[in-house]
Every structure is written in structure tokens, then in C-alpha cells.
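Residue-level structural notes
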Amino acid sequence: MTALMYGLMIGVWGFSWIAIKWQQGEVPTEVSILYRFAIAAMLMFIIGKLFNKLQKTTLQQQAFFALQGLCLFCCNFLAFYNATHYIASGLTAVVMASAPIFNAVHGKLFYRIDVSANFWPGMFIGLTGIGLLFGADLAVTHWSSQVLLGLGFSLAGTWFFSMGNMISMRNSRNSIQPFTATSYAMAYGCLALLLIIAAKGLSLELAWQPQYVASLLYLAIPASVIGFTVYLMLVDRMGANNAAYLLLITPVIALLVSSLFEGYRWTWYSSLGLMLVLMGNLLTQRKQALFRRSPSAMLEG
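What counts and how
Residues numbered from 1 in each chain as written. Predicted model: local features only at pLDDT ≥ 70, side-chain atom pairs only at ≥ 80, totals over all residues. Heavy atoms only, no water. Salt bridge = Lys/Arg side-chain N within 4 Å of Asp/Glu carboxyl O. Helix = DSSP H or I, 4+ residues; strand = E, 2+ residues; numbered from the N terminus. Buried < 20%, exposed > 50% of the residue type's maximum accessible area, 1.4 Å probe, protein only. Core = buried A, V, L, I, M, F, W, Y, C linked by side-chain atoms within 4.5 Å. Contact = heavy atoms within 4.5 Å. Bend = angle between axes of the 7 residues up to and from the residue. Axes fitted to C-alpha atoms, helices over the stretch in contact; angles between N-to-C directions. Parallel < 35°, antiparallel > 145°, perpendicular 65-115°, else oblique. Left-handed = near helix turned anticlockwise from the far one by under 90°. Nonpolar A, V, L, I, M, F, W, Y, C, P; charged D, E, K, R; others polar.

**Quick word on the pattern of salt bridges**
Once the charged atoms of two side chains with opposite charge are near each other, the side chains can pair. Applying the stated rule across the entire model yields two salt bridges. Ionic pairing is found between glutamate 30 and lysine 200, a salt bridge with its closest N-O pair at 2.6 Å. Of this pair, glutamate 30 sits in helix H2 (residues 29–50) while lysine 200 sits in helix H9 (residues 178–200), and the two are 170 residues apart along the sequence. Relative accessible area serves as the criterion here: at 52%, lysine 200 is assigned to the exposed category. The partner of lysine 108 in a salt bridge is aspartate 114, with the nearest N and O atoms 2.6 Å apart. Its relative accessible area of 38% is what places lysine 108 among the partly exposed residues.

**Side note on the nonpolar core**
Counting 70 residues, the largest nonpolar core has Trp13, Tyr231 and Leu246 as its most contacted members. With 12 residues, the single largest contributor to this core is helix H10 (residues 210–238). Once you skip the residues sitting within four places of it in the chain, leucine 246 turns out to touch Tyr6, Met9, Ile10, Trp13, Tyr231 and Leu234.

**Regarding H10**
Roughly 40° is the biggest bend found in H10, and it falls at glycine 227. One or two steps after H10, the chain reaches glycine 239, where phi turns positive at roughly 95°.

**Observations concerning the packing of helix H12 (residues 246–261) against helix H13 (residues 268–285)**
Two numbers describe how H12 lies on H13: the axes approach to 10 Å, and their chain directions differ by 150°. Here H12 lies roughly antiparallel to H13, going by the angle between them. Between H12 and H13 lies a crossing whose hand is left-handed. Residues Leu248, Ile249 and Val252 of H12 form the contact with H13, whose participating residues are Leu274, Val277 and Asn281. Along the lines of polarity and charge, the residues of the contact of H12 with H13 split into five nonpolar, one polar and no charged.

Here it is as C-alpha cells:
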């Protein structure tokens, strides 16, 4: 079941990249994100009520749902959308792929969770692969103040995403199911976005072009309702580090989709990058340590 959920997430979030691109246009970013999660939250509450999936919660738990919503369904998306105004999406993907590292550091800091022996070698191989996959974007990058600003937004978005993972782990440890936490967190994320939109004086008017509406529905239902619920279930089952590694694989699916819809051309170094990402994933999921210390070295230690 865990492997099936992992594969589902890779596919669902891999296709979401092109859907996000199709959202760009006359509708302000904040408004598009608001409608995405408003539709998703409404559906989740309807499903929760019909199938009795929503748990009873306390006021303290609601406070943590609000924090999770602020991190996962508001701030990180605003940061990443703003990053794409300054840097190429490929470079943003490279930064986002570092989420497992953020999770490893935060997991150790907040929960004293140690990473597996294969985690860091797997991460190094995987991030090298991501760098090769987006080599063309990286090669043309001029390291100006604009690029540094874009990297700052990307790092902030990754940090917020990781903190959302940590709050999700806290909720799970307090017997809160991912469906319940995600439903409330999305609602609180929408409230935060609505306040930002009101403060900026933005219009709530939508674009009704078929491509925009189709991408909005995809992002709201498969990518949000299914995506975030399953992802947070994986965090509960696998730990935040291993679950977040799928963020290194989803750009691969995004590039495969791009080759179909946008004419992306694979090169020898992007193909090598694909193999390295897959190798890194297999290594991080391998339970037996790749490198073992000899008995004599262990005695000396």
C-alpha cells in the first residue's frame, strides 16, 4: 500500500507542474491559490461529513491546524510563485528538491529523529541528478540580485513546506488522522489568503478559459484533495525524510509531461540526471546500509 501511495503521489504532483504553469496569466497568483484550496477544502468537508471521516478536535488542535495551513497552503505557495518571477522554474525545482534535507534537520531538532545510513548518500546522488535534469536552466543563470531574491523566495517556500511536515507529524502523534488535519488546514490556509487578497485590494474575478478552469480543477482535486492527504499519510507511514524524497522524482514526471506538451528535448546529461534521481531514490529506501564499518573499526571507535 505504501508503494502504491508513493507512486500515486509522484504521478499526481508530477502533472501539477504544467497545471500551475497554465494558471499564470491575468488572475493574480493569490486568487488562483485561494480558489484552488477553497474548492479542495469544500470537497474534503463534504466527503468528511458524508463518510464520517472528520474527527472531533480541541481548540489546541485547531491552533496547530491553523499553523499547518499557514505553512502548507499559504506561505509556501506564495513564496514559490513569487520565486518564478525572478528565476527559472528549473532552478526553483532544484531548491524545492532540497526539502528532504530541511525535513532531516527539523526532524532531528524537534523530534530527535535520526536519518538512515543511506539517506545522505542518496540525497547527494538525487540532487546531482536534479542539477543535471535542469542543467540548461542552471547554465544560463546569471547570478544577479534578482536571482538571489528568487533563491531566497525558494528557500523560504521550502522551509515553510518542511515546517508544515513537522506540524503534520505532531498532529499524527496526537492521534489526528491526515484527512482531518488536511481539511481544517486547507480552510485556515484559505482564510489567510483571503486576508492577504483583501489587504492588497485584489479582484476575486476568475478567468473562464477552458485551459485555466481545467488546470484549476486538476490542482484542486487530484493535486490537493488526493495529493496532500496521501502525502501526509506517507509522512505518517514513512517519516518526513523518505516521504519528501518524492519531490526529487516529481520533476522527472514534469519534464516527461513537458516533452509531450511543450517540446522539451532530452539530452545526454538530462538522461543521466534521470538515472541518478532513480538511483538516489532506491538508495534512500534501502534498509541495509550501503557502507558498513569493519568490526575492527567499530572496536577502535
